[in-house]
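Summary of structural features
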Amino acid sequence: MQIKYPVDKYSDHSGAIHRLQELNRQFAIEHGHPRKAYVQTFGCQMSEEEGEKILGVLLDSSMVEVNTQDEADVIIYNTCCVRENAEQKVYGHVGVLKGLKKRKPHLIIGIMGCMTQQPTVVEELKRSYRHVDIIAGTGNINNLPDMVCQVIEKGRRVADLSGTERIAEGTPKESHGNIKAWVTIMYGCNNFCSYCIVPYVRGRERSRSVEDIMAEVTSLAKAGVQEITLLGQNVNSYGSERGLPGGQAFAELLHTVCQVEGIKRVRFMTSHPKDLSDEIIEAVATEPKMCKQIHLPLQSGCTETLRQMNRKYTADQYRALLAKIRDRIPGVTVSTDLITGFPGETDEQHKESMAFIEECAFDMAYIFIYSRRTGTPAAKREDQIPEDVVHARFEEMQKIITDSSYKSSKAQEGTVLTVMHEGPSQSNPSMMTGRTEGNKIVLYSHQDCKPGDILKVRIDTAKTWYLEGTVITED
Ligand code: SAH
Ligand code: SF4
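As a starting point, this report considers the structure included with it. (Residues numbered from 1 in each chain as written. Chains lettered and ligands numbered in written order. Predicted model: local features only at pLDDT ≥ 70, side-chain atom pairs only at ≥ 80, totals over all residues. Heavy atoms only, no water.)

1. Considerations on the site of ligand 1
In the neighbourhood of ligand 1, 15 residues make up the surrounding shell, with Arg83, Gln233, Gln299, Asp337 and Ser371 lying closest. Between ligand 1 and the protein, one listed contact pairs a nitrogen atom with a backbone N or O atom of tyrosine 195 at 3.0 Å. At a separation of 3.5 Å, an oxygen atom of ligand 1 approaches a polar side-chain atom of arginine 311. The protein chains hide 91% of the 530 Å² of surface that ligand 1 would expose on its own. (Near = heavy atom within 4 Å. Polar contact = N/O pair within 3.5 Å; in protein donor to acceptor, adjacent residues only side chain to side chain. Areas by Shrake-Rupley, 256 points an atom, 1.4 Å probe, with all protein chains shown as cover.)

2. Some words on the packing of aromatic side chains
Within the structure shown, the criterion is met by nine aromatic pairs. Between tyrosine 313 and tyrosine 318, the aromatic rings sit 6.0 Å apart at their centres with planes inclined by 40°, giving tilted as the arrangement. Between tyrosine 318 and phenylalanine 356, the ring centres sit 6.2 Å apart and the planes meet at 75°, which makes this aromatic pair edge-to-face. Within this pair, whereas tyrosine 318 is found in helix 11 (residues 315–328), its partner phenylalanine 356 is found in helix 12 (residues 347–360), the two being separated by 38 residues in sequence. You'll find tyrosine 318 and phenylalanine 356 in the same group, each marked buried. Members of the aromatic cluster, joined through ring pairs, are Tyr313, Tyr318, Phe356 and Phe362. (Phe/Tyr/Trp six-rings, centres within 6.5 Å; stacked < 30°, edge-to-face > 60°. Helix = DSSP H or I, 4+ residues; strand = E, 2+ residues; numbered from the N terminus. Buried < 20%, exposed > 50% of the residue type's maximum accessible area, 1.4 Å probe, protein only.)

3. Considerations on the nonpolar core
Among the nonpolar cores identified, the biggest contains 68 residues, and Ile185, Leu230 and Phe250 are the most heavily contacted of them. In terms of residue count, the dominant contributor to this core is helix 8 (residues 246–258) (seven residues). Two domains each provide a minimum of three residues to this core, namely domain 2 (177–291) and domain 3 (295–410). Not counting the four nearest positions on each side in its chain, phenylalanine 250 is found in contact with Ile185, Leu230, Val235, Asn236, Tyr238, Phe268 and Ile280. Counting 25 residues, the second-largest nonpolar core is a separate cluster that includes Tyr77, Val90, Cys114 and Met115. (Core = buried A, V, L, I, M, F, W, Y, C linked by side-chain atoms within 4.5 Å. Domains from an automatic or database assignment. Contact = heavy atoms within 4.5 Å.)

4. Brief notes about the sheet that holds strand 7 (residues 158–160)
Spatially, the six strands line up as an open sheet ordered 3-2-4-5-6-7, and their pairing is parallel. A single partner strand is all that each edge strand has here, and the edge strands are strand 3 (64–65) and strand 7. When strand 6 (residues 134–136) meets strand 7, the two strands line up parallel, connected through three bridges. Within strand 7, the residue paired with isoleucine 134 across the bridge is valine 158. Where helix 5 (residues 144–154) meets the sheet, its contacts fall on strand 4 (74–79), strand 5 (108–113), strand 6 and strand 7, and the angle it forms with strand 6 comes to roughly 155°. (Pairing = 2+ DSSP bridges. Axes fitted to C-alpha atoms, helices over the stretch in contact; angles between N-to-C directions.)

5. Topic: helix 12
Given 3.6 residues to a turn, an α-helix orients residues that are three or four positions apart in the same direction. Taking 1.5 Å of rise per residue, 14 residues should cover 20 Å, and helix 12 covers 20 Å from first to last C-alpha, within 8% of that figure. Within helix 12, burial applies to Gln349, His350, Ser353, Met354, Phe356, Ile357 and Cys360. Buried residues along helix 12 cover an arc of 165° about the axis, so they all sit on one side. For helix 12, the exposed residues set more than 90 degrees away from the buried face come down to Glu348, Lys351 and Glu358. Those residues of helix 12 that are buried lie in contact with helix 10 (303–308), helix 11, strand 15 (333–340) and helix 13 (387–410). Of the residues one or two after helix 12, alanine 361 is the one with positive phi, at around 50°. (Expected span 1.5 Å × (residues − 1). Arc of directions from axis to C-beta.)

6. Considerations on the sheet that holds strand 15
Backbone-to-backbone hydrogen bonds pair the strands of a sheet. The strands run either parallel or antiparallel. Taken in spatial order, the three strands make up an open sheet running 14-15-16, and their pairing is parallel. Each edge of the open sheet carries a strand with a single partner, namely strand 14 (293–295) and strand 16 (364–369). Pairwise comparison of adjacent strand axes, ignoring direction, gives a mean angle of 15° for this sheet. Direction of pairing for strand 14 relative to strand 15: parallel, over a ladder of three bridges. Note on strand 15: the bridge partner recorded for isoleucine 294 is valine 334.

7. Quick notes on the pattern of salt bridges
Scanning the entire structure with this criterion turns up 29 salt bridges. With a shortest N-O distance of 3.5 Å, lysine 53 and glutamate 49 are connected by a salt bridge. Here lysine 53 and its partner glutamate 49 are both found in helix 2 (residues 45–60), four residues apart, which amounts to about one turn of the helix. Owing to a relative accessible area of 5%, lysine 53 belongs among the buried residues under this scheme. Classification of glutamate 49 as buried rests on a relative accessible area of 0%. One salt bridge in this structure joins aspartate 383 and arginine 381, with 2.8 Å as the shortest N-O distance. Here aspartate 383 falls in the partly exposed class, since its relative accessible area comes to 35%. The class for arginine 381 is partly exposed, based on a relative accessible area of 23%. (Salt bridge = Lys/Arg side-chain N within 4 Å of Asp/Glu carboxyl O.)

Below, the structure is given as structure tokens:
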């Protein structure tokens, strides 16, 4: 689904876009087929959304999408650097492309995204991966047509890392989802958690204007999108760099987005516990279109570890916030992010953290093994935790989360939930699937309905990661 925005800011690049369209027309004549593009994203939802824009820009310049890199004439890897294994994976993939380029010398290879915001990575790519043609950072998507033109016309390798603090507006987007879409509302982060590389590679917080966000949401709704997830590293502080009171500006944005006709559900991520204001909780509680769901990364349940992580809240403060959320939004689903193996974490601190995590009874959690990111304060520490200890702690944590997720699903048995219908289940095509407001997958038998329809489903059986139910009525 191609989405173009009425915002005219992409046309600043019209010179390069037209040049690339012309080059692509010549290519199609010479090769008997249009230039084929393949984009692969490694990383979080924000990276996924940027990957849709990279593909959108390429298709807008008269390329066609292919599903495998072997068929492609242009390959772009949109990378992530939050954890080291994501980075290693990219290096592995890029290495493999060398052979492909030998067989197909006209192949254009680009590496974009978070990873290329690190000077050491750029040096490594320039030096050891000479088959890479384009190295570009996160703010440079709108310059992609120009970079591709330079490679084709001048046979030149291009590195453009200039745009970290830029917000690219009006970028066309190619979305594979039909009823759900992500909308990034702010970029960067000011929090500098001691383990995290994001503020270094994504720069300081910059919020998009309400007008630009609304132009995008309205275009998506016109294209048939019915569920929007607003994205940012810390959405609660939306607008705060412009002097708007953070929590208030974001709460107002939620109310505004909920007014868009055709949009049935609105979600957001991620919230930082120190910034989740009463106004935001109130907006989730009172707006019928707001999904009763909050993703609230805890990272650790031990106050001393939280202090060393520079998270700026204590376990007690988190407990109080969680109680307020659950009190004000009955039936709310709360998910979290956790890090295991943070440097210096003692057995006692780990135990304290586990007890707190158990007490929180999360509906869902992503558990990450601590990854040492060069340039962050935690990476400089000498008291890194041995791998075997980290893995044992990870398993303990996983058990607690599996138990609490199962309990949360089990508590839904016999209740009637509102489900947005998506279509046949991928793992079991004889069943249909949809999602609850809490984003849990529900399986039910075939229905005469279309994606986006809201169904009432009675939950019959709870599994840890999904639910099975019976459709009662259509709304
Ligand atoms: N801004 C969001 C998400 C940032 S990245 C937030 O603060 O919650 C998503 C998750 O990756 C984080 O919540 C954290 O749990 C994890 N993460 C970030 N840096 C990490 C690191 N160096 N090692 C392991 N996990 C990390
Ligand atoms: Fe990283 Fe912390 Fe910012 Fe999240 S809030 S992106 S964990 S620095």
